[in-house]
Amino acid sequence: MSSICERFDTLGADGRPTRLGIMGGTFDPIHIGHLACAEQAREAFSLDAVIFIPAGNPVFKKDRAVTPAAHRLAMCQLAVASNPAFDVSAVEIERGGDTYTVDTLRQIRTHYPENVELYFITGADAVYHILTWHESAAIADLARLIAVTRPGYTLSEERRAFIADQGRFSIDYLEVTALAISSSDLRARVAQAKSIRYLTMQRVLDYIREQGLYIDSEGGAQ
Ligand code: NAP
């Protein structure tokens, strides 16, 4: 069977109930907001592990250039290396073609035994559009969703009720510590030669500098 990631490939093999968080995103670049979200979701839902999965070719981002997947993957790996509860998977990048969450969840579901319950973690603003995602009904059957809200990105009660009615989703909303950080803000700051120190892990910052990422971008990656 193909590998999902190094640290957690045998998760659930002991037959005990196990909760796996799947942190999907473009991660262009990964920042401390993402890491804090994953950590707080891990704690709030007693997740045994969280796998970060950078999107290969995000379908809703075709109107702008996305940094090559190898860089986004490398930055994720640098960011999570020191946390034994986190790992990164290249499954979406290796799969090629348009990235659909349903394909990823099917691949992960096939890999792990039934006692491993899947929790897909993503931003509440991404969840806002979930009914338009490819095979959204199948997503609802494969995983529970954790929608992370942050200042300025909360879903109204009406929208939550609408999504719940239309899609059979099991969605938990998790308000994380106020971290008004976004990848687009980091890209813009680098392009303007402003500091991003403390907004992402130092190793990620060093990588961005070494590789010369984002210097030609203004809110959009080079
Ligand atoms: P996005 O539009 O870049 O992100 C939406 C918002 O949520 C952004 O503000 C983003 O902040 C934040 N965010 C992204 N991932 C997050 C996470 N894991 N935890 C907390 N906040 C997060 O959306 P995206 O990153 O491209 O996509 C999010 C996930 O949804 C990916 O796994 C993607 O593949 C999936 N998706 C699937 C489909 C589909 O199957 N049809 C369609 C759309 C999205 P930052 O900008 O700071 O990251």
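From a predicted model like this one, the values you see are computed outputs, not experimental measurements. (Residues numbered from 1 in each chain as written. Predicted model: local features only at pLDDT ≥ 70, side-chain atom pairs only at ≥ 80, totals over all residues. Heavy atoms only, no water.)

Focus on the site of the ligand
Right, on to step 1. Neighbouring residues of the ligand: 23 residues in total, closest His 31, His 34, Lys 61, Arg 150 and Ser 183.
Right, on to step 2. Between an oxygen atom of the ligand and a side-chain N or O atom of His 31, the distance comes to 2.7 Å.
Right, on to step 3. Take Asp 125: an N or O atom from its side chain is 3.0 Å from an oxygen atom of the ligand.
Right, on to step 4. Contributions of two or more residues to the shell around the ligand are made by strand 1 (18-25), helix 1 (32-44), strand 4 (116-123) and helix 5 (124-127).
Right, on to step 5. Take the shell around the ligand: its biggest share by element is 4 residues, from strand 4.
Right, on to step 6. For the shell around the ligand, the per-class residue count stands at 9 nonpolar, 11 polar and 3 charged. (Near = heavy atom within 4 Å. Polar contact = N/O pair within 3.5 Å; in protein donor to acceptor, adjacent residues only side chain to side chain. Helix = DSSP H or I, 4+ residues; strand = E, 2+ residues; numbered from the N terminus. Nonpolar A, V, L, I, M, F, W, Y, C, P; charged D, E, K, R; others polar.)

A few points about the pattern of salt bridges
Side chains bearing opposite charge may pair, as long as their charged atoms lie close to each other.
Right, on to step 1. Using the criterion set out here, one finds 8 salt bridges in the structure.
Right, on to step 2. Residue Arg 109 pairs with Glu 114 through a salt bridge whose shortest N-O separation is 3.8 Å.
Right, on to step 3. Overall, the relative accessible area of 16% leaves Arg 109 in the buried class.
Right, on to step 4. When the shortest N-O distance is used, the salt bridge between Arg 144 and Glu 117 registers 3.8 Å. Separated by 27 residues along the polypeptide, Arg 144 in strand 5 (residues 144-149) and Glu 117 in strand 4 bring together distant segments of the chain.
Right, on to step 5. You can call Glu 117 partly exposed: its relative accessible area is 32%.
Right, on to step 6. A network of salt bridges, in which partner residues are shared, links Glu 117, Arg 144 and Asp 172. (Salt bridge = Lys/Arg side-chain N within 4 Å of Asp/Glu carboxyl O. Buried < 20%, exposed > 50% of the residue type's maximum accessible area, 1.4 Å probe, protein only.)

Regarding the environment of Pro 58
Right, on to step 1. Secondary-structure assignment places Pro 58 in the loop between strand 2 (49-54) and helix 2 (69-80).
Right, on to step 2. A relative accessible area of 13% means that Pro 58 is categorised as buried.
Right, on to step 3. Linking Pro 58 and Met 75, residues 17 residues apart in sequence, is a C-alpha distance of 17 Å.
Right, on to step 4. The contact partners of Pro 58, leaving out residues within four places of it in the chain, are Thr 26, Val 66 and Thr 99. (Contact = heavy atoms within 4.5 Å.)

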